[in-house]
Amino acid sequence: MTAKTASQSAKKSNKSWYQELFFNRRRPHLRALPKDWQMPDSDDAYQKQIHDDGFVSPKYWSDDDLSQYPVIVHDAYDLAEYLLPSYFEYSQKSKHYQDRFYFYQWVFVIGAFLTTVAGAIATLLYIPPNLSVAATAVAEQSQNLNVINWQQVFSIITAIIGTITTIYTALSNRHEPQKRWGKTRRLTEELRMHYFTYLSHMEPYNTADRLQRLRENVINIRVKEQENV
């Protein structure tokens, strides 16, 4: 086990059971994640991002001396120029749509819960019209003392929460974040597959025009984004 793997395992084991809960790990951002990926200003920052995503970066590769393998270094720079920008673009879009999907789901679940609670309280505070005269008098006296009609207040709260939940549910259905998340993630992983296939000189990247084929395949993948699939 490498030092990096051991460090990752130690960090994972130190997480509490609460941190591992689905509702904690999938807690959305109140402010949406940016949809568009911005290329880092410096090459060092870009190479660091490449390394952090599990790709080959000659500047940050620590397992071996890549200068002994000029073909790998050349391929890595070609991929960083022609494939990885599209990869990071789709990866960022995927994270954005994933975050929005979970956000809408949280709004729906919490909104439905609060609507139920507020509606139940309003129902408990409701005074039926067929109460006896004595009971009605007592209820009116109680209402005069409290001034505020809490039954009406909770009825209004129920209506407001229900309306907000309905609006966000409609937005979710319209924007289809789950579908877009799945689509962009699929394209992202398809680009990842092409990355390592190119780096390994496997078919279809085992010919003299391999770079041209790579560029064509990246373009074809970008075209798929516009298709309703």
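The sections below set out a description of the structure shown in this document. Numbering of residues starts from 1 in each chain and follows the order in which that chain's sequence is written. Totals for whole chains, interfaces and linings use all residues, but because this is a predicted model, local features are given only for residues with pLDDT of at least 70 and pairs of side-chain atoms are given and counted only at 80 or more. The basis for every side-chain value is the complete set of non-hydrogen atoms in the structure, without hydrogens or water.

**Concerning the overall build of the chain**
Alright, step 1. Helix and strand assignments follow DSSP, with helices taken as H or I runs no shorter than four residues and strands as E runs no shorter than two, numbered in order from the N terminus. Of regular secondary structure, the chain possesses nine helices and zero strands.
Alright, step 2. From first element to last, N terminus to C terminus, the chain shows the α and β order α-α-α-α-α-α-α-α-α.
Alright, step 3. When the 229 residues of the chain are sorted by exposure, 29% land in the buried category.
Alright, step 4. Any two residues having at least one pair of non-hydrogen atoms within 4.5 Å are treated as being in contact. Residue pairs in contact within the chain that sit at least 24 positions apart in sequence constitute 75% of those at least 6 positions apart.
Alright, step 5. In these tables, accessible area is a Shrake-Rupley quantity obtained with a 1.4 Å probe, and a residue counts as shielded only by the protein chains included in the view. Of the accessible surface of the chain, which amounts to about 15,300 Å², a share of 59% is contributed by carbon and sulfur atoms. Exposed residues in this analysis have more than 50% of their type's maximum accessible area, buried residues have under 20%, and partly exposed residues fall in between, with area computed by a 1.4 Å probe over protein chains only.

**Some points on the packing of aromatic side chains**
Alright, step 1. When two rings of Phe, Tyr or Trp (its six-membered ring) have centres within 6.5 Å they constitute a pair, described as stacked for plane angles under 30 degrees, edge-to-face for angles over 60, and tilted for the intermediate range. Counting across every chain of the model gives 16 aromatic pairs.
Alright, step 2. When the ring of tryptophan 37 is compared with that of phenylalanine 88, the centres are 5.4 Å apart and the planes differ by 25 degrees; the resulting orientation is stacked. Taken together, the positions of tryptophan 37 in the loop between α2 (22–25) and α3 (43–52) and phenylalanine 88 in helix α5 (residues 84–125) put the pair 51 residues apart, joining distant regions of the chain.
Alright, step 3. The exposure class of tryptophan 37 is buried, given its relative accessible area of 16%.
Alright, step 4. What makes phenylalanine 88 buried here is its relative accessible area of 3%.
Alright, step 5. Connected via pairs of aromatic rings, a cluster forms that spans Trp37, Tyr46, Phe55, Tyr87, Phe88, Tyr195 and Phe196.
Alright, step 6. Here, over-ring charges are defined by two tests on the NZ atom of lysine or the CZ atom of arginine: distance to the ring centre within 6 Å, and angle to the ring normal within 35 degrees. Cation over ring: arginine 100 sits above phenylalanine 103, and NZ or CZ is 4.4 Å from the ring centre.
Alright, step 7. Positioned above the aromatic ring of tyrosine 198 is the side chain of arginine 210, whose terminal nitrogen or guanidinium carbon lies 3.9 Å from the ring centre.

**A closer look at unusual backbone geometry**
Alright, step 1. Note the cis peptide between glutamate 203 and proline 204, where omega equals 10 degrees.
Alright, step 2. The backbone of glutamate 176 shows a phi angle near 50 degrees, a positive value even though the residue is not glycine.
Alright, step 3. Summarising the element assignment, glutamate 176 is placed in the loop between α7 (150–175) and α8 (177–199).
Alright, step 4. For glutamate 176, a relative accessible area of 36% translates into the label partly exposed.

**A look at α8**
Alright, step 1. Its 23 residues place the ends of α8 33 Å apart at the C-alpha level, agreeing with the 33 Å of an ideal helix rising 1.5 Å per residue.
Alright, step 2. Phi turns positive one or two residues past the end of α8, at histidine 201, with a value near 60 degrees. For a helix, the expected span equals 1.5 Å multiplied by the residue count minus one.

**Quick notes on a nonpolar patch on the surface**
Alright, step 1. A surface patch of nonpolar side chains, amounting to about 540 Å² of accessible area, comprises Phe108, Val109, Ile110, Phe113, Leu114 and Val117.
Alright, step 2. Within the secondary structure layout, valine 117 lies in helix α5.
Alright, step 3. A relative accessible area of 35% means that valine 117 is categorised as partly exposed. Each patch is built from residues that are more than 30% exposed by relative accessible area and take part in no salt bridge. Like charges join if they lie within 9 Å; nonpolar side chains (Val, Leu, Ile, Met, Phe, Trp, Tyr) join within 5 Å. Note on definitions: salt bridges are taken to be side-chain nitrogens of Lys or Arg within 4 Å of carboxyl oxygens of Asp or Glu.

**Considerations on the side chain of histidine 96**
Alright, step 1. When you line up the elements, histidine 96 lands in helix α5.
Alright, step 2. Exposure remark for histidine 96: the relative accessible area of 12% places this residue in the buried category.
Alright, step 3. Beyond its immediate chain neighbours, meaning those up to four positions away, histidine 96 contacts Ala32, Leu33, Pro34 and Lys35.

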